[in-house]
Amino acid sequence: MRVTQGMLASNMLRNLSTSYAQLGKYQDQLSTGKKINRPSDDPVVAMKGMVYRTNLTEVQQFKRNFSEANSWIDNSDSALDEATQVLQRIRELVVQASNDTYESSQRASIAQEVKQLTDHLVTIANTKVGDKYIFNGTDTLKQPVDLNQTPPVAPTNSQQVNIELSQGIYIPVNVDATKIFGYDTTATAANGNRLFSDLQFLNNDLNDPTKSGKDINQYLSYIDKHINNFLSARAELGARMNRIELMEDRVDQQEVIANKILSDNEDADIEQVITDLKTQESVHRAALGVGARIIQPTLLDFLR
């Protein structure tokens, strides 16, 4: 086969073009730090990268869910702790008022403090995280307690607020407020069944001069029952908090593993890329040198 000058020129251009493409590839890898910059570079790596990136995004969403869950549980625990302290103070006042040496005016003064403490319990029951009430089940946009209405409003929604903290695992982050902040609208006297109705009856009896110390003393057992309800709710919440902490540690580890797998799949080996680039530079210079020697000779150069 006869090799012409045109064929040599075409081969030189094709080789230079291929060399430039390789140099461009290494330049992209060094600039982005990634093995591939388009799916056509390596379809298998690109497909695996999509799967790994989806897993990482999912884990990162679970981490954000932990922040929401911790916010709900921490606020619930703090509110229950404060409510327990308020009930302890009410219990102390009941013990004082149970003394028959107390006059009606002194019991009226105690009633004033009980009224203020009851209003504070209402404030605690209406605690919000962001724009959501945390003691009204899944009805988070409705105020759970309002004693000024007739009949008084108290929590009736006992459904759990669940947050997904791992693949397919939902953890409730609220407490059943119907067990601790209730109001018995059918009761005609204190019965220990609902907190706010008992406190209202207590306040009425403290303001009633015909009531004796024995009448007031019966409220001790009711207050103790309500305190135990709060302690039970806190115990359940604490157990859930321990589980959430363990799950959070596990998800943190999953994030590290997901990042490592993604990096192994997509990130370029910089040392290897630099070595390949230097090698390609040498090849490119050789190609240019060969091309210059082939193209340079003309008929005049031959005749001289």
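Please refer to the structure placed before this passage.
Note that the structure is predicted; figures quoted are calculated from it, not measured.

Participant: Would you mind showing me how to read the packing of helix α2 (residues 43–97) against helix α4 (residues 195–206) here?
Facilitator: Packed helices, taken two at a time, are described by the angle between their axes plus the distance between the axes. Following both chains from N to C, one finds α2 and α4 inclined at 30 degrees, their axes separated by 12 Å at the closest point. Taken as axis vectors, α2 and α4 run roughly parallel relative to one another. In the packing of α2 onto α4, the handedness of the crossing is left-handed. Residues Leu87, Ile90, Val94 and Ala97 of α2 form the contact with α4, whose participating residues are Leu195, Leu199, Leu202 and Leu206. For the contact of α2 with α4, the residue count by class is eight nonpolar, no polar and no charged.

Participant: Explain the pattern of salt bridges here, please?
Facilitator: When the charged atoms of two side chains with opposite charge come close together, those side chains can pair. Evaluation of the coordinates by the stated rule reveals 16 salt bridges. The closest approach of N and O atoms between Arg89 and Glu113, which form a salt bridge, is 2.8 Å. A residue pair is termed long-range when its members are at least 10 positions apart, and Arg89 in helix α2 and Glu113 in helix α3 (residues 104–125) qualify at 24 residues. On the basis of relative accessible area, Arg89 is assigned to the partly exposed category, the value being 28%. The partner of Asp100 in a salt bridge is Arg107, and the shortest N-O contact between them spans 3.6 Å. Salt bridges sharing common partners tie together Lys34, Arg53, Glu266 and Asp267.

Rules behind the numbers
- Residues numbered from 1 in each chain as written.
- Predicted model: local features only at pLDDT ≥ 70, side-chain atom pairs only at ≥ 80, totals over all residues.
- Heavy atoms only, no water.
- Axes fitted to C-alpha atoms, helices over the stretch in contact; angles between N-to-C directions.
- Helix = DSSP H or I, 4+ residues; strand = E, 2+ residues; numbered from the N terminus.
- Parallel < 35°, antiparallel > 145°, perpendicular 65-115°, else oblique.
- Left-handed = near helix turned anticlockwise from the far one by under 90°.
- Contact = heavy atoms within 4.5 Å.
- Nonpolar A, V, L, I, M, F, W, Y, C, P; charged D, E, K, R; others polar.
- Salt bridge = Lys/Arg side-chain N within 4 Å of Asp/Glu carboxyl O.
- Buried < 20%, exposed > 50% of the residue type's maximum accessible area, 1.4 Å probe, protein only.

Treat this as a map of the structure, not an account of what it does.
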